[in-house]
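Reading the structure
Chain by chain, the residues run as shown.
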Amino acid sequence: MENSSKNLFEKFSHSSLIVKGQRQALEPGFVPDRLPHREKEAEQLAEILSPSLKNFKPSNVIIFGKPGVGKTSVVKFVESEITKIIQSRLDAKIKLIDINCGVVDNPYGILLAVGDGLLESWEEKLPFTGWPLDKLYSTVLDKIKNFGGIAIVVLDEIDKLVKKNGDSVLYQLLRINEITNEGRVCILGISNDLRFTEYLDPRVKSRLVEETMVYNPYNASQIYDILRDRSLYAGIGDSIDESAMRTCAALAAQEHGDARRAIDMLRIAVELTEKGNQNRIIDDTVYEAKKKLERDVVVETVSSLPLHSKLVLFAISLIDEIKNGGSSTMGEFYELYEKVSDRMGVGSLTQRRVADIIGEMTNLGLIDSKVQSFGRYGRTTTVSLNYSSTKIKEILLADEILGQLKDVKPAQKSLPVS
Ligand SMILES: Nc1ncnc2c1ncn2[C@@H]1O[C@H](COP(=O)(O)OP(=O)(O)OP(=O)(O)O)[C@@H](O)[C@H]1O
Ligand SMILES: [Mg+2]
């Protein structure tokens, strides 16, 4: 055979666009050491936290902002600056304790992380499970007194903790400052749900929300600067067309000004360019990257929804199909959801719980929802899909369990499931 000498892997060994610099600079975990357009926010946060350098408790602070607007990055950056001070000044008695409430979302886990964060290097870690909460709490209290300084507890994605397990553990942490003044706790919460403080008990809210910062979405020219800077880290500054970079920024700005999306888009554009054995990133590749990213994000989001959210979404998609893209009211999709649940042999959730699910799916960007008031006739929630019903149904029906609903077709008028 003529090409028998070709190695099987040859066609997969694409030319690499990133020759020097770092490929990791485009990966999600990369932490840049400069944050264009967030300098003011970093400075403001440093100012809020600066009393800790003199062993005074800073105000508790909550940072709000949509996904990808640099909340975690700013906090990490400010933390790294504080760490430099802790390392260089013996009189600075500060501990930074980082907790991601997307991962640790229960009172035991939170208290454990705070307790462990206060341990001296020679002390043994607290037990991973098994202690009663009050024993764990009094141990944390002892640790904070022994430490005698300021513990800055960063609760990233604090809204997830509160939604899942309420705010009792926040109350306990905040109460420490009223029980002792030998050591103090400052809470820095980060949330991408602007309404999260509505879920708080007034006693928690008044103590927790002493300062708030809201980070606005980036506009296209800010995202452009962020991308330009990031492409320098990655060493691809010269391999990307100016207009491709502008397109990438403009597309991400349209979608909630999310810098993460912009960087993801750039990374995928680099990969597509390499796969195509091209040596420049051009406009078309950015559009292609956007499409690929959208497919990936929606598939991932929809497939990881809990069962009942999937069923509610399925009902909404069926109605969307009948109405050719129209919106549906709670009455309409709830009725269909009940039927679909019945068909699956699972009990349906109450309208109240379904309303919560609608809120969650709205936050995820899968649907849009509005509460419409009919004066004294009450209110209803209206929803519409943000993606085509064909696409959503395709993803849902690929699910092992929901696959059973393949043959379900809604009848035109009264919407019963046939
Ligand atoms: N001003 C900036 N300069 C450089 N990179 C940035 C900037 N803002 C955000 N990024 C990058 O965008 C990505 C998302 O930022 P970050 O994780 O801080 O967002 P977030 O607001 O915490 O989002 P989420 O609510 O989803 O957690 C990260 O990769 C980060 O490095
Ligand atoms: Mg974050």
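This text goes with the structure placed above it.
Overview of the structure. (Residues numbered from 1 in each chain as written. Chains lettered and ligands numbered in written order. Predicted model: local features only at pLDDT ≥ 70, side-chain atom pairs only at ≥ 80, totals over all residues. Heavy atoms only, no water.)

**Digging into the packing of aromatic side chains**
For clarity, the threshold we go by: The aromatic pairing rule takes the rings of Phe, Tyr and Trp, using the six-membered ring of Trp, and pairs them if the centres are within 6.5 Å, calling planes under 30 degrees apart stacked, those over 60 edge-to-face and the rest tilted. For the purposes of this entry, the term helix denotes a DSSP run of H or I that reaches at least four residues, the term strand denotes a run of E that reaches at least two, and both are numbered from the N terminus. In this analysis the charged atom, NZ for Lys or CZ for Arg, is taken to sit over a ring once it is within 6 Å of the ring centre and within 35 degrees of the ring normal.
On inspection of all chains with the given rule, the structure shows three aromatic pairs. Here Phe30 and Tyr233 contribute two aromatic rings whose centre-to-centre distance is 5.2 Å and whose plane-to-plane angle is 70 degrees, an arrangement assigned as edge-to-face. Here Phe30 is found in the segment before helix 1 (39-49), whereas its partner Tyr233 is found in helix 8 (residues 220-233), with 203 residues between them in sequence. Arg203 extends its terminal NZ or CZ atom over the ring of Tyr171, reaching a point 4.3 Å from the ring centre. Just above the ring of Tyr224 sits the side chain of Arg246; from NZ or CZ to the centre is 3.7 Å.

**Concerning the site of ligand 1**
For the record, the criterion: For this description, a residue counts as near a given molecule or strand if any of its non-hydrogen atoms is within 4 Å of it. Polar contacts here mean pairs of N or O atoms no more than 3.5 Å apart (in protein, one a potential hydrogen donor and the other a potential acceptor; neighbouring residues in sequence count only if both atoms are side-chain atoms). Exposure was quantified through the Shrake-Rupley algorithm and a 1.4 Å probe, taking into account, for residues, occlusion by the shown protein chains and nothing else. When residues are sorted by character, Ala, Val, Leu, Ile, Met, Phe, Trp, Tyr, Cys and Pro go into the nonpolar class, Asp, Glu, Lys and Arg into the charged class, and all the rest, Gly among them, into the polar class. Delimitation of the domains relies on an automatic or database domain assignment.
Taken together, 20 residues sit near ligand 1, with Pro36, Lys71, Thr72, Ser73 and Tyr218 positioned nearest. Residue Pro36 places a main-chain N or O atom 2.7 Å away from a nitrogen atom belonging to ligand 1. Lys71 has a polar side-chain atom sitting 2.6 Å from an oxygen atom of ligand 1. Taking 630 Å² as the accessible area of ligand 1 by itself, protein coverage stands at 92%. Secondary-structure elements contributing two or more residues to the shell around ligand 1 are helix 2 (71-88), helix 8 and helix 10 (259-275). Residue composition of the shell around ligand 1, by class: 10 nonpolar, five polar and five charged. Composition of the shell around ligand 1 by domain shows at least three residues from each of domain 1 (38-215) and domain 2 (218-301).

**With respect to the pairing of strand 7 (residues 367-373)**
Defined as follows: Pairing between strands requires that DSSP locate at least two bridges from one strand to the other.
Pairing of strand 7 with strand 8 (residues 379-385) involves seven bridges; the strand directions are antiparallel. Residue pairing in the sheet places Ser369 in a bridge with Val383 of strand 8. Counting the residues that bridge the hairpin from strand 7 to strand 8 gives five residues, and of these Gly375 lies at a positive phi of roughly 60 degrees.

**A few points about the sheet that holds strand 6 (residues 328-329)**
In plain terms, the rule: What makes two residues a contact is simply this: any of their non-hydrogen atoms within 4.5 Å. For helices, the fitted line uses only the C-alpha atoms of the stretch in contact; every axis is such a line through C-alpha atoms, and the angle between N-to-C directions lies from 0 to 180 degrees.
Read from one edge to the other, the open sheet built from three strands follows the order 6-8-7, with strand pairing classed as antiparallel. Of all the strands in the sheet, just strand 6 and strand 7 have a single pairing partner and so form its edges. Here helix 14 (residues 351-363) sits on the sheet in contact with strand 7 and strand 8, set at roughly 130 degrees to strand 7.

**Some details on the environment of Gln222**
Tracing the backbone through its elements, the reader meets Gln222 in helix 8. The sequence separation of Gln222 and Gly359 amounts to 137 residues, and the corresponding C-alpha distance is 30 Å.

**Structural notes on the layout of surface pockets**
We count it as follows: In this analysis, the protein atoms alone were mapped onto a 1 Å grid. Cavities are point sets where a 1.4 Å probe fits without being able to get out; pockets are open sets with protein on both sides within 12 Å along at least five of seven lines; lining residues have an atom within 4 Å of a point. Grid points are joined across faces, edges and corners, and a volume is the space filled by probe spheres set on the points.
By volume, the second largest pocket is sized at about 640 Å³. Together, 21 residues line the second largest pocket, and Arg195, Tyr199, Ala355, Asp356 and Gly359 are the ones closest to its centre. At the level of elements, helix 14, strand 7 and strand 8 are the ones that each hand at least two residues to the lining of the second largest pocket. If you tally residues by element for the lining of the second largest pocket, the top one is helix 14, at nine residues. Residues that form the lining of the second largest pocket fall into these classes: five nonpolar, six polar and 10 charged. Here the lining of the second largest pocket gathers at least three residues from each of two domains, domain 1 (38-215) and domain 3 (305-405).

**Focus on the environment of Leu111**
Inspection of the secondary structure assignment puts Leu111 in helix 3 (residues 107-117). For the pair Leu111 and Arg175, spaced 64 residues apart in sequence, the C-alpha separation works out to 13 Å. With residues near it in sequence (within four places) discarded, Leu111 still touches Leu133, Leu136, Tyr137, Val140, Val169, Gln172 and Leu173.

**Here's the deal with the pattern of salt bridges**
Under the convention used in this document: The working definition used for a salt bridge is a side-chain nitrogen of Lys or Arg within 4 Å of a carboxyl oxygen of Asp or Glu. Categorising residues by exposure relies on relative accessible area from a 1.4 Å probe, with only protein chains included: less than 20% of the type maximum marks a residue as buried, more than 50% marks it as exposed, and the intermediate range marks it as partly exposed.
Counted according to the given criterion, the structure contains 30 salt bridges. A salt bridge links Asp193 to Lys163; the nearest nitrogen and oxygen atoms lie 2.8 Å apart. Taken as a pair, Asp193 in the loop between strand 4 (184-191) and helix 7 (202-208) and Lys163 in helix 5 (residues 158-165) lie far apart in primary sequence, 30 residues in all. On the basis of relative accessibility, which here comes to 39%, the residue Lys163 falls in the partly exposed class.

**So, empty space enclosed by the protein**
The final tally for this structure, using the stated rule, is one cavity of 30 Å³ or more. Empty space within the largest cavity amounts to approximately 30 Å³. Those elements that place two or more of their residues in the lining of the largest cavity are helix 1, helix 2 and strand 3 (150-156). Per element, the largest residue contribution to the lining of the largest cavity is four residues, and it comes from helix 2. Across the lining of the largest cavity, the residue classes break down as nine nonpolar, no polar and one charged.

**Regarding the nonpolar core**
Filter applied, for reference: In this description, a nonpolar core means a group of buried Ala, Val, Leu, Ile, Met, Phe, Trp, Tyr and Cys residues linked to one another through side-chain atoms lying within 4.5 Å.
Counting 35 residues, the largest nonpolar core has Ile110, Val114, Leu155, Leu170, Ile176, Phe196 and Leu208 as its most contacted members. At six residues, the largest contribution of residues to this core is made by helix 4 (residues 133-147). Residue contacts for Ile110: discarding those within four places in its chain leaves Ile99, Cys101, Val104, Leu155, Leu161, Val169 and Leu173. By size, the runner-up hydrophobic cluster in this structure holds 33 residues, among which are Val340, Leu366, Leu385 and Ile392.

**Some remarks on helix 2**
In plain terms, the rule: To estimate how far a helix should reach, multiply one less than its number of residues by 1.5 Å. Within this analysis, the arc is defined by the directions that extend from the helix axis to the C-beta atoms.
Between its first and last C-alpha, helix 2 extends 26 Å over 18 residues, near the 26 Å set by a 1.5 Å rise per residue. Lys71, Val74, Val75, Val78, Glu79 and Ile82 are the residues of helix 2 that are buried. Around the axis of helix 2, the buried residues are gathered within 130 degrees of arc, so they sit on the same side. Residues Gln87 and Ser88 are exposed on helix 2 and point more than 90 degrees away from its buried face. Of the surrounding elements, those touching the buried residues of helix 2 are helix 1, strand 1 (61-65), strand 2 (94-100), strand 3, strand 4 and strand 5 (211-215).

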